[in-house]
Amino acid sequence: MVAAMAAFAVEDAFIKAASVTVPVGQILIIFGLGGACLFACLARIRNDPLFVAEAVSGTMRVRAVFEVIGRLFYVLAISLTPLSAATVILQATPLVVVAGAAVVFGEKVGWRRWMAVVVGLTGVMVIVQPGTDSFSLLSVLAVIGMIGFAGRDLASRAAPASLNTAALGFYGFLSVVVAGVLFSAWQAVPFVTPGRMASLFLVASVVSGVAAYACLMRAMRTGEVSSVTPFRYTRLLFGIAIGVAVFGERLEFSMLLGSGLIVLSGLFILWRGRQVP
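Residues numbered from 1 in each chain as written. Predicted model: local features only at pLDDT ≥ 70, side-chain atom pairs only at ≥ 80, totals over all residues. Heavy atoms only, no water.

**Student:** Is there a simple way to explain the overall build of the chain in this structure?
**Tutor:** For the chain, the count of helices and strands is 12 helices and zero strands. The C-alpha atoms of the chain give 18 Å as radius of gyration, which agrees with the globular expectation for 277 residues (19 Å, within 12%). Counting only C-alpha atoms, the chain reaches 50 × 45 × 30 Å along its principal axes. Sequence separation of 24 or more characterises 91% of the internal contacts of the chain that already satisfy a separation of 6 or more. Summing over all exposed atoms, the chain offers an accessible surface of approximately 12,200 Å²; the carbon and sulfur share of this is 71%. On the chain, the mean spot of the 19 positive side-chain charges and the mean spot of the 11 negative ones are 6 Å from each other. (Helix = DSSP H or I, 4+ residues; strand = E, 2+ residues; numbered from the N terminus. Rg over C-alpha atoms; globule rule 2.2 N^0.38 Å. Contact = heavy atoms within 4.5 Å. Areas by Shrake-Rupley, 256 points an atom, 1.4 Å probe, with all protein chains shown as cover. Lys, Arg positive; Asp, Glu negative; His and termini not counted. Charge placed at Lys NZ, Arg CZ, Asp CG, Glu CD.)

If you want it as structure tokens, here you go:
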């Protein structure tokens, strides 16, 4: 999970850099096609089947919908808002996943961990600051993306056991293509020919994204959700470091406070996950 979060942060940085000259819809299409091709090659090497009946099961259809929502809105967030802010908001994903695991899968989550979830979500509210002059509707993009990713992770947990990691990644990246097509049709912005640097950014985002996706699916399908997901908070460290060092972003007090609440709640959930709920 830690390796996945580091690779996701690198992927975000490359996508943000490419979005300066390439439309978001086009980025999603290129990114999705590249990732799908790499996972198809991986399945070929391992002789893993891709086209099976389980791929169109109800769970996989739900997963695809959440994938489209998560990818589209989060890519919009990192292209239109500071990378560090979008990354911090995304860290609420484990909180939603833990709560969802309790509701959907019946995993034991005691009142202490429920309180930690509330504290963590309060941290998100501190960062977004609704109802104040600092509030921006653009920050809602990251919130919607976070909800989409949480739904995707829960659906991945419930995906048929016959579907291997390569298949999950293949169909997940095809969903990204769908997100790109839909947004391109809505935005009606003509595609461009990426320059040399933009092309390198896109290729690098695909490679790091595939590596991150493979690690994430392995983690989500192996360990108990409420114990594995707190390690997703390491993405906050990677994302903030890249945002400050590469993009010259500034950290506001509200972001630091909200980040602290989110991290503390995540660490507490991790600790309680090893105790009796």
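That shown, we press on.
**Student:** I tried to follow unusual backbone geometry on my own but got confused; where do I start?
**Tutor:** Most peptide bonds take the trans form, and the phi angle of most residues other than glycine is negative. Residues other than glycine seldom take positive phi values, yet Asn47 does so here, at roughly 60°. Tracing the backbone shows Asn47 in the loop between helix 2 (24-46) and helix 3 (58-80). Phi is positive for Ala188, which is not a glycine, with a value near 55°. Note on placement: Ala188 falls in the loop between helix 8 (165-187) and helix 9 (196-222). Assessed through its relative accessible area of 61%, Ala188 is described here as exposed. (Buried < 20%, exposed > 50% of the residue type's maximum accessible area, 1.4 Å probe, protein only.)

**Student:** Please explain the side chain of Ser265 as it appears in this structure.
**Tutor:** With respect to the helices and strands, Ser265 occurs in helix 12 (residues 253-272). According to the relative accessible area criterion, Ser265 is buried, its value standing at 3%. Other than its neighbours up to four places away in sequence, Ser265 contacts Leu95, Ala116, Val119, Gly120 and Tyr233.

**Student:** I would appreciate a short explanation of the layout of surface pockets in the present structure.
**Tutor:** Rolled over the atoms, a probe as big as a water molecule pinpoints where empty space is left. Its volume calculated, the second largest pocket comes out at about 180 Å³. Thr59, Val62, Phe66, Val96, Val104, Phe105, Ile147, Ala150, Gly151, Leu154, Ala155 and Ala158 are the residues that line the second largest pocket. Secondary-structure elements contributing two or more residues to the lining of the second largest pocket are helix 3, helix 5 (93-104) and helix 7 (138-158). It is helix 7 that contributes the most residues to the lining of the second largest pocket, six residues altogether. When its residues are assigned to classes, the lining of the second largest pocket shows 10 nonpolar, two polar and no charged. (1 Å grid on protein atoms, 1.4 Å probe; cavity = no way out; pocket = protein on both sides within 12 Å on 5 of 7 lines; lining within 4 Å. Points joined across faces, edges and corners; volume = space filled by probe spheres on them. Nonpolar A, V, L, I, M, F, W, Y, C, P; charged D, E, K, R; others polar.)

**Student:** In this structure, what is going on with the nonpolar core? I would like to understand it.
**Tutor:** In summary, soluble globular proteins display a tendency toward joint burial of nonpolar side chains. Ranked by size, the top nonpolar core spans 80 residues in total, and within it Met1, Leu28, Phe39, Val88, Phe173 and Leu216 carry the most contacts. Among the elements that take part in this core, helix 9 stands out by supplying 10 residues, more than any other. (Core = buried A, V, L, I, M, F, W, Y, C linked by side-chain atoms within 4.5 Å.)

**Student:** I'm lost on the UniProt feature "transmembrane region" (unreviewed entry) in the chain in this one. Help?
**Tutor:** The UniProt record annotates "transmembrane region" (unreviewed entry) at residues 27-43, 64-82, 113-129, 135-155, 167-186, 198-219, 231-247 and 253-271. Secondary structure across residues 231-247 divides into 82% helix and 0% strand, with the first and last C-alpha atoms of the span separated by 25 Å. The annotated region residues 253-271 carries 100% helix and 0% strand content, and the separation between its end C-alpha atoms amounts to 27 Å. (UniProt positions renumbered as here; feature names shortened; annotations may be inferred.)

**Student:** Whenever I open this one, the pattern of salt bridges confuses me. Can you help?
**Tutor:** Between side chains of opposite charge, a pair can form as their charged atoms come close. Scanning the entire structure with this criterion turns up five salt bridges. Between Glu67 and Arg152 there is a salt bridge, with the nearest N and O atoms lying 3.3 Å from each other. Of this pair, Glu67 sits in helix 3 while Arg152 sits in helix 7, and the two are 85 residues apart along the sequence. Residues Glu67 and Arg152 agree in their burial class; the two are buried. Here the salt bridges do not stand alone but share partners, grouping Glu11, Glu67, Arg71, Arg152 and Asp153 into one network. (Salt bridge = Lys/Arg side-chain N within 4 Å of Asp/Glu carboxyl O.)

**Student:** Looking at this model, I keep getting lost on empty space enclosed by the protein. Mind explaining?
**Tutor:** As enumerated under the stated definition, the model contains one cavity of 30 Å³ or more in all. Looking at the largest cavity, its volume works out to about 70 Å³. In terms of lining residues, the largest cavity is bounded by Phe8, Glu11, Asp12, Ile15, Arg71, Tyr74, Val75, Ile78, Phe149, Arg152, Arg232 and Arg235. When residues of the lining of the largest cavity are traced back to their parent elements, those giving at least two are helix 1 (2-18), helix 3 and helix 7. Broken down by class, the residue content of the lining of the largest cavity amounts to six nonpolar, no polar and six charged.

**Student:** For this particular structure, what's the right way to read the environment of Gly120?
**Tutor:** With respect to the helices and strands, Gly120 occurs in helix 6 (residues 111-128). On the accessibility criterion, Gly120 (0% relative accessible area) is buried.

**Student:** Got a minute to help me understand the packing of aromatic side chains in this structure?
**Tutor:** Here the distance between the centres and the angle between the planes together describe a pair of aromatic rings. Enumeration over the complete set of coordinates arrives at seven aromatic pairs. Between Phe39 and Phe173, the aromatic rings sit 5.7 Å apart at their centres with planes inclined by 40°, giving tilted as the arrangement. Of this pair, Phe39 sits in helix 2 while Phe173 sits in helix 8, and the two are 134 residues apart along the sequence. You can call Phe39 buried: its relative accessible area is 0%. Residue Phe173 is classed as buried on the basis of its relative accessible area, which comes to 0%. By way of ring pairs, the aromatic residues Phe31, Phe39 and Phe173 are connected into one cluster. Over the ring of Phe247 we find Lys16, and its NZ or CZ is 5.8 Å from the ring centre. (Phe/Tyr/Trp six-rings, centres within 6.5 Å; stacked < 30°, edge-to-face > 60°. Lys NZ or Arg CZ within 6 Å of the ring centre and 35° of its normal.)

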